[in-house]
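Next come the chains, spelled out residue by residue.
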Amino acid sequence: MTVHGTVAKGYEPVRDAFVRNFAERGERGAAVAVHHEGRKVVDLWGGTTDPADPGAAPWAEETAVVVRSATKGLAAAVPHLLHQRGQLDLDAPVGAYWPEFKAAGKERVLVRHLLAHRAGLPAVEAPLTPEQLLDPSAGPRALAGQAPEWRPEEGHGYHAHTFGWLLAELVRRASGGRSLGRWFADEIAGPAGLDLWIGLPEEVAASGRVARVAELRAPEPAPGALRTRPKRAVTDAYADPGSLTRRAFDAVEPRPDENARAYRAAELPAANGIATARSLSAFYAALMGPVRAGSDGSVASRADGGSGGRARAGARRLFTPATLTQARSQEAEGPDRVLIVNTRFGLGYMLHGSACPMLGPGSFGHPGRGGSLGFADPESALSFGYVTGTLHRSVTSDPRAQALVRALRTVAPA
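Counting restarts for each chain, with residues numbered from 1 along the sequence as it is written. Residue-level local features of this predicted model are given only where pLDDT is at least 70; pairs of side-chain atoms are given and counted only at 80 or more, and the full residue set underlies all totals for whole chains, interfaces and linings. Heavy atoms from the whole structure form the basis of all side-chain values; hydrogens and water molecules are not counted.

Engineer: Got a minute to help me understand the overall build of the protein in this structure?
Structural biologist: Secondary structure follows DSSP: runs of H or I at least 4 residues long count as helices, runs of E at least 2 residues long count as strands, and numbering of each begins at the N terminus. Within the protein, the regular secondary structure consists of 14 helices and 14 strands. A globule of 414 residues ought to have a C-alpha radius of gyration of about 22 Å, and the protein, at 20 Å, matches this closely. Across its three principal directions, the C-alpha atoms of the protein cover 55 × 50 × 45 Å. Buried positions account for 58% of the 414 residues belonging to the protein. In the protein, the proportion of contacts linking residues at least 24 apart, taken out of those at least 6 apart, comes to 69%. For the radius of gyration, the atom set is restricted to C-alpha positions; the globular benchmark scales as 2.2 Å times the number of residues to the power 0.38. Relative accessible area decides the class of each residue, using a 1.4 Å probe on protein chains only: under 20% of the type maximum gives buried, over 50% gives exposed, and in between gives partly exposed. Pairs of residues are marked as contacts when any of their non-hydrogen atoms sit within 4.5 Å.

Engineer: I keep staring at the side chain of Thr-49 and nothing clicks. Help me out?
Structural biologist: On the secondary structure map, Thr-49 appears in the loop between strand E3 (39–47) and strand E4 (65–66). The contact partners of Thr-49, leaving out residues within four places of it in the chain, are Ala-56, Ala-57, Pro-58, Trp-59, Thr-63, Ala-211 and Arg-212.

Engineer: Please clarify how the sheet that holds strand E7 (residues 274–275) should be interpreted in this entry.
Structural biologist: Across a sheet, paired strands are connected by hydrogen bonds in the backbone, their directions being either parallel or antiparallel. The 3 strands lie next to each other as E4-E7-E5, forming an open sheet whose pairing is antiparallel. Each edge of the open sheet carries a strand with a single partner, namely E4 and strand E5 (196–197). Here, strands pair whenever DSSP counts at least two bridges between them. Of the pairings in the sheet, the one linking E4 to E7 comprises 2 bridges and is antiparallel in character. By the bridge assignment for E7, Val-65 is matched with Ala-275.

Engineer: Help me understand the environment of Ala-265, please; the structure alone is not making it clear to me.
Structural biologist: Its location among the elements puts Ala-265 in helix H11 (residues 261–265). Taking the C-alpha atoms as reference points, Ala-265 and Leu-134, 131 residues apart in sequence, are found 8.9 Å from one another. Discounting chain neighbours no more than four positions away, the residues touching Ala-265 are Gly-199 and Leu-200.

Engineer: Can you help me understand the pairing of strand E11 (residues 364–367) in this one?
Structural biologist: Note on strand geometry: in a regular strand, side chains alternate between the two faces of the sheet. Every second residue of E11 is oriented toward a common face, with Phe-364 and His-366 on one face and Gly-365 and Pro-367 on the other, all of them buried. Direction of pairing for strand E10 (residues 350–351) relative to E11: antiparallel, over a ladder of 2 bridges. Counterpart to Met-350 in the pairing with E11 is Gly-365.

Engineer: Could you clarify how one ought to interpret the packing of aromatic side chains in this entry?
Structural biologist: Working definition: a ring pair exists when centres of Phe, Tyr or Trp rings (six-membered ring for Trp) sit within 6.5 Å. Plane angles under 30 degrees give stacked, over 60 give edge-to-face, the rest tilted. Tallying each qualifying case throughout the model produces 11 aromatic pairs. Between Phe-18 and Phe-22, the aromatic rings sit 5.3 Å apart at their centres with planes inclined by 90°, giving edge-to-face as the arrangement. Here Phe-18 and its partner Phe-22 are both found in helix H1 (residues 12–24), 4 residues apart, which amounts to about one turn of the helix. By relative accessible area, Phe-22 is classed as buried at 10%.

Note that all results are geometric; they support no functional claim without further evidence.
Have a look at this one:
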């Protein structure tokens with residue numbers, strides 16, 4: 001396997017781990033990037049753009065791919081920035097912006113509860129069809145009318161799909177009618193020149209830059225290697241069609257085709273963001289401070305969909321210090337009612353912990369089911385982005401992403 005790209009001196013262990021992912025962990029097409037103090041220090045890619053077709057076009061420098069729930073970390077920046085601009089109060093009831101939401105006993109659900117997976121709405125009473133999924137009003141309308149599974153003070157549980165519908169409607173109401181995907185494009189990705197989309201533009205779809213995704217079984221560990229198996233309670237929850245776990249992940253039935261152009265064009269802030277690893281890492285770098293250009297003069301290229309635009313060197317810091325602290329302050333910790341393991345959440349972001357190890361205790365970001373991962377670690381000034389078209393059965397902690405994180409941990413600045 002030929003791996004392309006660059007690695008700054010001292011970060012070679014990340015390249016070694018990336019190569020081993022292809023040799024040992026079933027990788028077929030992926031990219032990884034790391035920024036330190038806003039400067040790109042790792043930028044690697046390899047494999048093909050269709051994991052189910054060995055003869056597909058090679059993964060290129062500008063290849064992007066669906067990142068599933070890693071989208072949540074991108075989407076969460078929007079309400080934080082609205083709050084930073086004085087347009088959204090995180091301690092206000094959701095119903096203050098979205099009156100219909102107050103139905104069925106949800107009057108006391110606050111905006112921060114939505115961001116921290118405490119709203120008690122991880123599933124819809126009746127799954128949406130793939131056609132309904134493309135209607136931006138269908139999910140919010142269903143959630144507005146139903147009663148919560150628990151009160152915010154009673155715990156938390158991962159809102160796998162519903163997180164996106166809840167945030168999308170909240171942002172639409174608080175921003176004066178602009179959709180979350182449009183707001184993200186206009187105020188975050190566009191100005192910074194990042195290859196990140198929540199709702200893929202037609203010109204990018206037509207460019208052929210977006211890789212296909214496919215769910216494939218990960219290879220068995222080598223003889224003698226450590227084997228990890230989920231706890232029985234976790235296995236049972238995923239196997240039981242009536243469990244809250246299954247209902248949360250099966251909120252759309254049948255499962256949509258993630259390679260379909262209509263699916264990619266929809267705005268699904270919990271699930272269908274499309275990114276390059278380079279831009280995913282640069283996004284998290286920009287949450288902490290300005291993004292500086294790499295040695296090639298760019299952080300992301302053709303961000304405008306094909307006209308050759310480049311990321312802005314010295315792109316502005318997105319979060320103020322207060323907003324950065326706010327985003328990564330713990331809001332929920334302990335047994336997750338959906339994932340059936342202990343999880344930690346800030347406001348819209350997963351926090352470093354056993355369910356999703358990142359670089360260290362202060363790291364915050366979001367994984368995507370099947371592999372992808374993006375995060376920031378303010379203590380070391382490092383940001384990380386990993387994207388893949390080869391989706392394995394992992395939910396929050398993929399062995400390939402974790403191998404890269406472990407390698408990065410060995411070279412991270414003290």
